[in-house]
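Commentary on secondary and tertiary structure
The lines below spell out each chain.
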Amino acid sequence: MPVVAGADRLFIRFQAVVPNRHGWFPGVFALVNGLASAGHLTAVQEQFRQRENAWYQANLVDPSVSDPSVYDRRAHPGATAWFKSSATEMISRIDGYTAILDAHGVRWARLRSGSPGDILYEDIHQVIAKPACSS
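Treat the numbers as computed from the prediction; the structure is a model and nothing was measured. Throughout this description, residue numbers start from 1 for each chain and increase along the sequence as written. At least 70 in pLDDT is required for a residue's local features to be given in this predicted model, at least 80 for side-chain atom pairs to be given and counted, and no such filter applies to totals for whole chains, interfaces and linings, which use all residues. Excluded from the side-chain calculations are hydrogens and water; all other atoms, namely the structure's heavy atoms, are used.

Thoughts on the pattern of salt bridges
The condition that has to hold: What counts as a salt bridge is simple: a side-chain nitrogen of Lys or Arg found within 4 Å of a carboxyl oxygen of Asp or Glu.
Inspection of the entire model under this criterion finds 6 salt bridges. Among the charged side chains, a salt-bridge network with shared partners connects R51, E52, E89 and R93.

Right under this line is the structure:
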């Protein structure tokens, strides 16, 4: 669904400061899940990750369920998820993820944008956008 970003629309993303080996900037969920997959989380951090991941799965729509192509890197290079600034509960729960990243020395950034790119997907809490094409 096309969306025109206006002054009243603000989007927020939490992502790595340093790109991964593919040149992408993973979001905080991917970063923390990567630490878990590598066995780097403490028991308390792992309990947090499992509990909060379950909460997000129950309360945040997975865009790829309604549109499997939304994260297709060939079709939509650079597509990333952004929270709408109105998704205050979703955003407030990110603090625990960023605390884990801080504890492991993983640098991250909070980005804000009124225009995150071409909107590929939108729901009440988030958008998936790819960088706008430049002419």
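Looking at the environment of D62
Stated precisely, the cut-off is as follows: Secondary structure elements follow DSSP: runs of H or I no shorter than four residues count as helices, runs of E no shorter than two count as strands, and numbering proceeds from the N terminus.
Mapped onto the elements, D62 comes out in the loop between α2 (43-59) and α3 (63-66). Note: C-alpha distance between D62 and T88 (26 residues apart in sequence) is 18 Å.

Topic: α2
Going by this rule: For a helix, the expected span equals 1.5 Å multiplied by the residue count minus one. A 1.4 Å probe rolled over the protein chains alone gives each residue an accessible area, and that area as a share of the maximum for its type sets the label: buried under 20%, exposed over 50%, partly exposed in between. By the convention used here, residues are in contact when the closest approach between their heavy atoms is within 4.5 Å.
An ideal rise of 1.5 Å per residue puts 24 Å on 17 residues; α2 measures up with 24 Å between its terminal C-alpha atoms. Along α2, the residues that are buried comprise Q45, E46, F48, R49, E52, N53, W55 and Y56. Check the buried side of α2 and you find it contacts α1 (28-37), β2 (80-84), α4 (88-92) and α5 (95-103).

Examining the packing of α1 against α5
Short version of the rule: Note on geometry: axes are C-alpha line fits, over the in-contact stretch for helices, and angles between N-to-C directions span 0 to 180 degrees. Orientation is classified from the angle alone, with under 35 degrees giving roughly parallel, over 145 giving roughly antiparallel, 65 to 115 giving roughly perpendicular, and any other angle giving oblique. Crossing chirality is assigned from the near helix's rotation relative to the far helix, an anticlockwise turn below a right angle marking it left-handed and a clockwise turn marking it right-handed. Any residue that is not Ala, Val, Leu, Ile, Met, Phe, Trp, Tyr, Cys, Pro, Asp, Glu, Lys or Arg is counted as polar, Gly included; the first ten are nonpolar and the last four charged.
Packing of α1 against α5 brings their axes to within 10 Å, and their N-to-C directions diverge by 50°. One element, α1, and the other, α5, form an angle in the oblique class. Seen along the crossing, α1 lies across α5 with a hand that is left-handed. Taken together, the residues of α5 that come into contact with α1 (itself represented by V28, F29, L31, V32 and L35) are Y97, T98, I100 and L101. Residue composition of the contact of α1 with α5, grouped by class: 8 nonpolar, 1 polar and no charged.

Some thoughts on the environment of L120
When you line up the elements, L120 lands in strand β4 (residues 118-122). Separated by 40 residues in sequence, L120 and T80 have C-alpha atoms that sit 9.7 Å apart. With near-sequence residues (within four places) excluded, L120 lies in contact with V70, H76, A79, I128, A129 and K130.

Side note on the sheet that holds β2
Which entries qualify depends on this criterion: The rule for pairing is simple: two strands pair if DSSP sees at least two bridges between them.
Here we have 5 strands laid out as an open sheet, ordered β3-β1-β2-β5-β4, and antiparallel in their pairing. Two strands in the sheet have a free side with no partner beyond their single neighbour: β3 (108-113) and β4. Across the sheet, the mean angle separating the axes of adjacent strands is 35° when strand polarity is ignored. Inspection of the sheet shows strand β1 (residues 11-16) paired to β3 by 6 bridges, in the antiparallel sense. If you follow R13 over to β3, its bridge partner there is L111.

Quick word on the confidence of the model for the protein
Our working definition: Each residue carries a pLDDT score, the predictor's confidence in it, ranging from 0 to 100.
The pLDDT averaged across the protein works out to 92; a share of 92% of its residues lies at or above 70. Contacts for the low-pLDDT stretch residues 1-7, under 50 throughout, to residues beyond four places or in other chains number 9 contacts.

Structural notes on the packing of aromatic side chains
Spelled out, the test is: Note on aromatic contacts: the rings of Phe and Tyr and the six-membered ring of Trp form a pair at centre separations within 6.5 Å, being stacked when their planes are under 30 degrees apart, edge-to-face when over 60 apart, and tilted otherwise.
A full pass over the atoms with the stated rule returns 6 aromatic pairs. Between F14 and W108, the aromatic rings sit 6.3 Å apart at their centres with planes inclined by 45°, giving tilted as the arrangement. In this pair, F14 sits in strand β1 while W108 sits in strand β3, placing the two residues 94 residues apart along the sequence. We classify W108 as partly exposed; its relative accessible area is 26%. An angle of 90° between the planes, with centres 5.1 Å apart, marks the rings of W55 and Y56 as edge-to-face. By the burial criterion, W55 is buried, and Y56 matches it. Taken together through their ring pairs, the aromatic side chains of F29, F48, W55, Y56 and Y97 make up a single cluster.

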